[in-house]
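Read off the chains here:
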Amino acid sequence: MAIGTKNPAKVHAIQELFIKDKVIIESVEVESGVSAQPFSDEETAEGAVNRAKAALHQTKAQLAFGLEGGVTETDGGLMLCNWGALVTEDEQVWLASGAKIALPFDLAEQLRRGLELGEVMGDYANDIDVSKKEGAIGILTGGRISRKKMFLHIAELLYGQYLFQHSQWKH
């Protein structure tokens, strides 16, 4: 099993997904192939797929995960968006999206001016490593939902789809 990142919040989410199965997770640093600050659901999902495919090819694993955070413009304002992809060695791809919440106006404006969310949240929280810990979602939900927990939810959706499809093929 592989994941296309070294970010602890994302790696720990995948490790927790398989904790009872004692699966070895290989985390590798790969490029997302999208901008440093993805600015749409489509770009964020593309980054997740690219990370999963790159991790798969780099490790020769049977399954690889890619997790990507971004923002997307909506009628309700600029919102956090999070996507995940699961790719198999035969290039099948499953996608899932996570929670969306609106960014406060002042933070959204900084992103619209070209800053990255990690940098903006690091300044806001006075912690440059916030994206490796609770993330923007953790700060903006008062600690109720951490970045790891959010990405674990996405990983559960991905792996659940994978298991469902494989059980259907057996019937």
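Numbers given for residues are sequential positions, taken from 1 along each chain in its written order. Side-chain atom pairs in this predicted model are given and counted only at pLDDT of 80 or more, local residue features only at pLDDT of at least 70, and totals for whole chains, interfaces and linings cover all residues. Excluding hydrogens and water, the side-chain values take into account all heavy atoms of the structure.

S.K.: Give a detailed account of unusual backbone geometry, specifying residues and quantitative values.
M.R.: The backbone phi angle of K22 is positive, close to 55°, even though this residue is not glycine. Mapped onto the secondary structure, K22 falls in the loop between α1 (8-17) and β2 (26-27). One non-glycine residue, K60, lies in the positive phi region at around 65°. Turning to its location among the elements, K60 is positioned in the loop between α2 (41-59) and β3 (63-74). Remark: exposure states derive from per-residue accessible area (1.4 Å probe, protein chains only) relative to the maximum for the residue type, with buried under 20%, exposed over 50%, and partly exposed in between. The exposure class of K60 is exposed, given its relative accessible area of 67%. We count a stretch as a helix when DSSP gives it H or I for four or more residues in a row; a strand needs E for two or more, and each element gets its number in order from the N terminus.

S.K.: Tell me what's going on with the pattern of salt bridges, and back it up with residues and numbers.
M.R.: Whenever a carboxyl oxygen of Asp or Glu lies within 4 Å of a side-chain nitrogen of Lys or Arg, that contact is scored as a salt bridge. According to the stated counting rule, one finds 5 salt bridges in the structure shown. R112 serves as the salt-bridge partner of E109, at 2.7 Å between the closest nitrogen and oxygen. Separated by 3 residues within a single helix, E109 and R112 lie in helix α3 (residues 105-112), roughly one turn from each other. Residue class for R112 comes out partly exposed when judged on its relative accessible area of 34%.

S.K.: Account for the packing of aromatic side chains, naming residues and giving values.
M.R.: Side-chain rings of Phe, Tyr and Trp (the six-membered ring for Trp) are treated as a pair once their centres are within 6.5 Å; stacked means planes under 30 degrees apart, edge-to-face means over 60, and tilted covers the remaining angles. The full count for this structure, using the stated rule, is 4 aromatic pairs. Consider the rings of Y159 and Y162, whose centres lie 5.6 Å apart with planes at 20°: the pair is stacked. Here Y162 and Y159 lie together in helix α6 (residues 147-169), a separation of 3 residues that amounts to about one turn. Each member of the pair, Y159 as well as Y162, carries the same accessibility label: buried. One aromatic cluster in this structure is built from F18, F65, W94, Y159 and Y162.

S.K.: For the sheet that holds β3, give the residues involved together with the corresponding values.
M.R.: Ordered by their spatial adjacency, 5 strands build an open sheet running β2-β1-β3-β4-β5, and the pairing between neighbours is mixed. A single partner strand is all that each edge strand has here, and the edge strands are β2 and β5 (93-97). At least two DSSP bridges between two strands are needed for those strands to be called paired. Looking at chain direction, strand β1 (residues 2-3) and β3 are connected through 2 bridges and run parallel. What sits directly across from A2, in β3, is A64. In the packing of α3 onto the sheet, the strands contacted are β3 and β4 (77-88), and the crossing angle to β4 comes to about 65°. We call two residues in contact when some of their heavy atoms are within 4.5 Å. Comment: axis = line fitted to C-alpha atoms, over the contacting stretch for helices; angle = value between 0 and 180 degrees taken between N-to-C directions.

On their own, these measurements won't tell you what the molecule is for.
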